[in-house]
Amino acid sequence: MRLAACLLLLASSAVPLHAQDKKPDAPKGHKEAMVAEVEQAWAKPPVEEASAVSKGVATVRGAKIPYTATAGTLTIRDDDGKPTASVFYTAYTKDGGGNRPVTFFYNGGPGSPTVWLHMGSFAPVRVQTSDPVYVPPSQYALRPNPDSLIDKTDLVFIDAIGAGWSRPLGDKTGKDFWGVDQDADAFARAIMRYVAKNNRWTSPKVLFGESYGTLRSGAVGALLEDRGMSLNGIVLLSTILNYGVRQSGYDQNTMILLPTFAATAWYHNRVPNRPASLEEFLDQVRAFVAGPYAAALAKGDAISDDEARAVAQQIAAFTGLPVDYILRAKLRVTLGHFQTELLRDRGVSTGRLDTRYLLNVTDANADSPDDDPASTNITGAYMASFQDYAARTLGYKTDLPYKQSARDSTFDWDWKHRAPGERGAQTSPNTGVDLAYTMRTNPQMKVLFLNGYYDAATPFYSTEFDAAHLGLTPQLRRNISFKYYQSGHMVYLNPQALTQMHDDVAAWFDAATGR
């Protein structure tokens, strides 16, 4: 009995003895500590909506307009209420404005932030640009904008997810938002969140998209209509609704560029016997494109030599390009070839976004430009001015980098689109189908197309062609209007064109919103 007790005592003391022999945990190594420190300092997008509020006064057409500026984030959620993304926006609302219109602005890309529209077009301030030249750092300047649309509407500028300060949340990644339909859904949710957050349900509402933002607007307008939010209007600046015809083999892509080529040659004084009026000159070009040129292209390789030469001679008369050069291109001069050939004797190529801008070429024999001067000439001014303005004036502070584009190594856009009423998905999107659906569903909605004559990225004749093929009744077609400017893709880079554009859009707002 005494032996059993001793054995039990030894057994019970075995665990503490071994525990005493166990070595204490070693302190975390330097690498682990650094990882923990980085994790703690990692700048993450806010799930809880953030905002910075400031005050300002705009002067438009002699009238002083006090306003409130809100820079912040909107948290969008899926149908179950789970947060999916933090969307950065800047809103300008007129103080004491009551139930006035509200307009949602966005750029394109896809994958671009809305810094360009925000800092260049209709906000109460804008980057000062001298049209059309490079803006050196010594001349970066943000000035009050006498052409702000704050006189007609409240303004909300929204960054696409993955660009600017907009980011996915939680287990979501850019891939969940980088696609025609995914992107449109995110913007529709962001717009509805802003409306709900600020109780703007009964305010007149307008979409204002630029470039790919116009294609987005077609899809977003249809989604909002289906989700119970009807629009008063859609403004489309530098439009592309149909990517399908941009594929090789479609002669429409060649046709839509020729009027822009002619306008560019007119601007650079390369048109023989140059007419005094650009507008009258382009009416002649349009008639040629819709008639003899379209007929010639439709014949393909079966066209006769005599007809091909006659058409080439007319193209040469409109563009200043050599007849033999046009014939070698089989009447189908590509954009890159035109940009480099038009002013080859001067050692420069033209811009794409704005063909008035010129680039000194590296290779005088090149068949495509090295870069687009219409973009590189202004990027530094816009990005620097916005980030200084956001911190100093708007008071928005974050350690997240402001991304100039969502196009990083993981960017892979999903171009499929499921349009209203179509059984299958489009492999190349045409949201003209969506726009027409929304116009038929909401027959009071107005649409305004704004076009730059020197825009070779989204040519004005392409806009006219797409708008004429929406399949609308004559009554609904009366809801569509067009305005043109002697500028490029970003019409607002031309200060004179911006003033004209403000007045055109302001008059359109009165009709579209019934004010």
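Here, the structure is the one placed above.
Here is what the cut-offs are and how they apply
Residues numbered from 1 in each chain as written. Predicted model: local features only at pLDDT ≥ 70, side-chain atom pairs only at ≥ 80, totals over all residues. Heavy atoms only, no water. 1 Å grid on protein atoms, 1.4 Å probe; cavity = no way out; pocket = protein on both sides within 12 Å on 5 of 7 lines; lining within 4 Å. Points joined across faces, edges and corners; volume = space filled by probe spheres on them. Helix = DSSP H or I, 4+ residues; strand = E, 2+ residues; numbered from the N terminus. Nonpolar A, V, L, I, M, F, W, Y, C, P; charged D, E, K, R; others polar. Core = buried A, V, L, I, M, F, W, Y, C linked by side-chain atoms within 4.5 Å. Buried < 20%, exposed > 50% of the residue type's maximum accessible area, 1.4 Å probe, protein only. Contact = heavy atoms within 4.5 Å. Salt bridge = Lys/Arg side-chain N within 4 Å of Asp/Glu carboxyl O. Pairing = 2+ DSSP bridges. Expected span 1.5 Å × (residues − 1).

### Brief notes about empty space enclosed by the protein
For step 1, the next point in the chain: Scanning the model with the defined rule gives four cavities of 30 Å³ or more in all.
For step 2, the next point in the chain: Space inside the largest cavity adds up to approximately 70 Å³.
For step 3, the next point in the chain: Taken together, 13 residues make up the lining of the largest cavity; nearest its centre are A160, I161, D183, A186 and F187.
For step 4, the next point in the chain: When residues of the lining of the largest cavity are assigned to their parent elements, the largest contribution, four residues, is made by helix 5 (residues 180-197).
For step 5, the next point in the chain: Considered class by class, the residues forming the lining of the largest cavity number 10 nonpolar, one polar and two charged.

### Some remarks on the nonpolar core
For step 1, the next point in the chain: By size, the foremost hydrophobic cluster in this structure holds 58 residues, and its most contacted members are Y92, L450, Y492 and M501.
For step 2, the next point in the chain: The element that contributes the greatest number of residues to this core is helix 17 (residues 495-513), accounting for eight residues.
For step 3, the next point in the chain: Setting aside anything within four residues of it in sequence, one finds Y92 in contact with Y67, T68, A69, H118, A123, P124, I150, D154, L155, F157, Y389 and L394.
For step 4, the next point in the chain: Membership of the second largest hydrophobic core comes to 51 residues, among which are F104, V156, A184 and L236.

### Considering the layout of surface pockets
For step 1, the next point in the chain: Within this model, the largest pocket holds a volume of roughly 650 Å³.
For step 2, the next point in the chain: Around the largest pocket, the lining is made up of 28 residues, and of these G108, G109, S112, S211 and L353 lie nearest the centre.
For step 3, the next point in the chain: Within the residue set of the lining of the largest pocket, elements represented by two or more residues are strand 9 (205-211) and helix 12 (373-376).
For step 4, the next point in the chain: Of the residues assigned to the lining of the largest pocket, the class counts are 12 nonpolar, 12 polar and four charged.
For step 5, the next point in the chain: Roughly 310 Å³ of internal volume is contained in the second largest pocket.
For step 6, the next point in the chain: Around the second largest pocket, the lining comprises 18 residues; the ones closest to its centre are R246, N253, T254, L257 and L335.
For step 7, the next point in the chain: A per-element tally of the lining of the second largest pocket places helix 7 (residues 251-267) first, with five residues.

### Description of the pattern of salt bridges
For step 1, the next point in the chain: Under the definition given, this model contains 24 salt bridges.
For step 2, the next point in the chain: Close ionic contact of K55 with D95 constitutes a salt bridge, the shortest N to O distance being 3.6 Å. Note that K55 is positioned in strand 1 (residues 51-60) and D95 in the loop between strand 3 (83-94) and strand 4 (102-106), a separation of 40 residues in sequence.
For step 3, the next point in the chain: According to the relative accessible area criterion, K55 is exposed, its value standing at 61%.
For step 4, the next point in the chain: With a shortest N-O distance of 2.9 Å, R332 and D251 are connected by a salt bridge.

### A word on the pairing of strand 7 (residues 154-158)
For step 1, the next point in the chain: By the criterion of burial, strand 7 is predominantly enclosed, with five of the five residues buried.
For step 2, the next point in the chain: Residues of strand 7 alternate between two faces, with D154, V156 and I158 on one and L155 and F157 on the opposite face, all of them buried.
For step 3, the next point in the chain: Judged from the four bridges that link them, strand 3 and strand 7 form a sheet pairing that is antiparallel. Considered in strand 7, the bridge of Y92 is made with L155.

### As for helix 13 (residues 379-394)
For step 1, the next point in the chain: Here helix 13 contains 16 residues, and its C-alpha end-to-end distance of 21 Å stays within 8% of the 22 Å for a straight helix at 1.5 Å per residue.
For step 2, the next point in the chain: Here helix 13 has its buried residues at T379, A381, Y382, M383, S385, F386, Y389, A390 and L394.
For step 3, the next point in the chain: Once helix 13 ends, the next one or two residues include G395, with phi positive near 75°.

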